[in-house]
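Each chain is listed here by its residues.
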Amino acid sequence: MASNIVPPCGVTCACIQVWFVIFCFFIFQYFLMGSFYFSVIVLLLLNIVLYYVVIPPVENQTVLEVLGLSADRSDKHPPVYAHRGGGYDAPENTLAAFRKAKDNGATGVEFDISFTKDGIAVLLNDETVDRTTNGSGYIGNMTFHEIRELSASKYHPHSSLYKGEKIPTLEEGIREGLKLNLRMILDVKESDNKALTAVLGIFEKHHELYKVAMVASFSPFYIYQLRKTNPNIICGLIWRPKFVSHDDLVKGRPRFRGPWKMTLAKIGDCLLDWSFHSWLWYVTGVSVVLVHKDSISQEYLRMWSARGVQVIPWTINHPVEKEHFSSILNLPIMTDSLQIKFENVVKL
């Protein structure tokens, strides 16, 4: 799909940086003229490729309405999304969490989509069921029947209030969100064809989602494929520092043990950071970026605002943080708890 949008300065600069690296490489190899001609050709090809592969974003007014940011909304406070349905207040990624979030005044819910061994889309954040249920094992190695037998409230601090709560399917989650009149952010954990088919299918089945839901993922490839197939779906890219090298930013758990693997992963972090902030957002045509709260500053917000991209920080839990991001920075926020007193919430 061709785009008529002129590449912004940041994207053009990214192309020039690629050209400069290639130019210097050939200089190092003592091929001055070869470096000049080859790098100019590469630069031209990059711009041509950008013209034909860039997917234009959804119209801005539509994005604002879907996120609950339109000027005519009755509630003038920025939207508040319950992260994983509000996992501190009720068992995460469950229908009970959706209902609790609604009762607590959430604008919408964010939830995670994973897949069972037999290809059923369910709401689950982790690769395994160990942390949130009374079961054990990888979600991809378990059938839907096996998943359905588990308790999704086993280790929640308020588990006694949610006995019998099960891991819901994507269909059940969507129906509950629509029933409760909640806006939704679908966080897709996998990036293969079944994930693409599932999300495209759910939007085809429930056309109301175009007005109240967006799709987000850490995978630029998945978002690009989704928007290429259906450019009317509002999408967002998720990012945090050290995503390649660490599977948990707060606890600092490295993904790899070997020093060489960790070194390569850190290089991958640098490349992902540069790509995310330079050109990935433009090529995929995303309307939103979901960024870890510790990476956000006013200068950072001005950069995205100049690009016409909305920022949603995660995960804003402390009352002081909520006041800062919501009231002062006037941003929609994603939180694990909508309870008033954070100190009464037991951290999972």
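Residues numbered from 1 in each chain as written. Predicted model: local features only at pLDDT ≥ 70, side-chain atom pairs only at ≥ 80, totals over all residues. Heavy atoms only, no water.

**Description of the pattern of salt bridges**
Then, number 1: Evaluation of the coordinates by the stated rule reveals 14 salt bridges.
Then, number 2: A salt bridge links Lys-189 to Asp-112; the nearest nitrogen and oxygen atoms lie 3.5 Å apart. Separated by 77 residues along the polypeptide, Lys-189 in the loop between β4 (183-188) and α7 (193-205) and Asp-112 in strand β2 (residues 108-115) bring together distant segments of the chain.
Then, number 3: By relative accessible area, which is 33% here, Lys-189 ends up partly exposed.
Then, number 4: Linking Asp-192 and Lys-194 is a salt bridge whose minimum nitrogen-to-oxygen distance equals 2.5 Å. (Salt bridge = Lys/Arg side-chain N within 4 Å of Asp/Glu carboxyl O. Helix = DSSP H or I, 4+ residues; strand = E, 2+ residues; numbered from the N terminus. Buried < 20%, exposed > 50% of the residue type's maximum accessible area, 1.4 Å probe, protein only.)

**Thoughts on α7**
Then, number 1: Here α7 is 13 residues long and its end C-alpha atoms lie 18 Å apart, about the 18 Å a rise of 1.5 Å per residue gives.
Then, number 2: Burial in α7 covers these residues: Ala-195, Leu-196, Ala-198, Val-199, Ile-202 and Phe-203. Each buried residue of α7 lies within a common arc of 165° when the element is viewed along its axis, so the set occupies one face. Away from its buried face, by an angle of more than 90 degrees, α7 presents the exposed residues Asn-193, Glu-204 and Lys-205. (Expected span 1.5 Å × (residues − 1). Arc of directions from axis to C-beta.)

**So, the packing of aromatic side chains**
For any pair of aromatic rings, the description consists of the separation of the ring centres together with the inter-plane angle of the planes.
Then, number 1: Summed over all chains, the structure comprises nine aromatic pairs.
Then, number 2: Measuring from centroid to centroid gives 5.7 Å for Phe-276 and Trp-304, while their planes differ by 65°, and the two rings are edge-to-face. Taken together, the residues Phe-276 in helix α10 (residues 259-284) and Trp-304 in helix α11 (residues 298-306) connect sequence positions 28 residues apart.
Then, number 3: Classification of Phe-276 as buried rests on a relative accessible area of 3%.
Then, number 4: Judged by its relative accessible area of 0%, Trp-304 falls in the buried class.
Then, number 5: Plain terms: the ring middles of Trp-281 and Trp-304 are 6.0 Å apart, the flat faces sit at 85° to each other, and that makes the pair edge-to-face. In this pair, Trp-281 is assigned in helix α10 and Trp-304 in helix α11, connecting sequence segments 23 residues apart.
Then, number 6: When its relative accessible area of 6% is taken as the criterion, Trp-281 is described as buried. (Phe/Tyr/Trp six-rings, centres within 6.5 Å; stacked < 30°, edge-to-face > 60°.)

**Quick look at the layout of surface pockets**
Then, number 1: Counted as a void, the largest pocket has a volume near 1,700 Å³.
Then, number 2: Surrounding the largest pocket, 49 residues form its lining, Arg-84, Asn-125, Asp-126, Asp-247 and Asp-248 being those nearest its centre.
Then, number 3: For the lining of the largest pocket, the secondary-structure elements that each account for two or more residues are β2, β4, β5 (213-217), β7 (246-248) and β9 (288-292).
Then, number 4: The leading source of residues in the lining of the largest pocket is β2, at four residues. (1 Å grid on protein atoms, 1.4 Å probe; cavity = no way out; pocket = protein on both sides within 12 Å on 5 of 7 lines; lining within 4 Å. Points joined across faces, edges and corners; volume = space filled by probe spheres on them.)

**Quick notes on empty space enclosed by the protein**
Then, number 1: Taken as a whole, this structure holds two cavities of 30 Å³ or more when the rule is applied.
Then, number 2: There is about 50 Å³ of room inside the largest cavity.
Then, number 3: As for the largest cavity, its lining consists of Glu-92, Asn-93, Thr-94, Leu-123, Leu-124, Asn-125, Thr-132, Ala-152 and Ile-167.
Then, number 4: Its residues placed into classes, the lining of the largest cavity shows four nonpolar, four polar and one charged.
Then, number 5: By volume, the second largest cavity amounts to about 30 Å³.
Then, number 6: In terms of lining, the second largest cavity is formed by Phe-218, Pro-220, Leu-237, Ile-238, Leu-272 and Phe-276.
Then, number 7: Of all elements in the fold, only β6 (235-239) and α10 reach the threshold of two or more residues within the lining of the second largest cavity.
Then, number 8: Tallied by class, the residues present in the lining of the second largest cavity amount to six nonpolar, no polar and no charged. (Nonpolar A, V, L, I, M, F, W, Y, C, P; charged D, E, K, R; others polar.)

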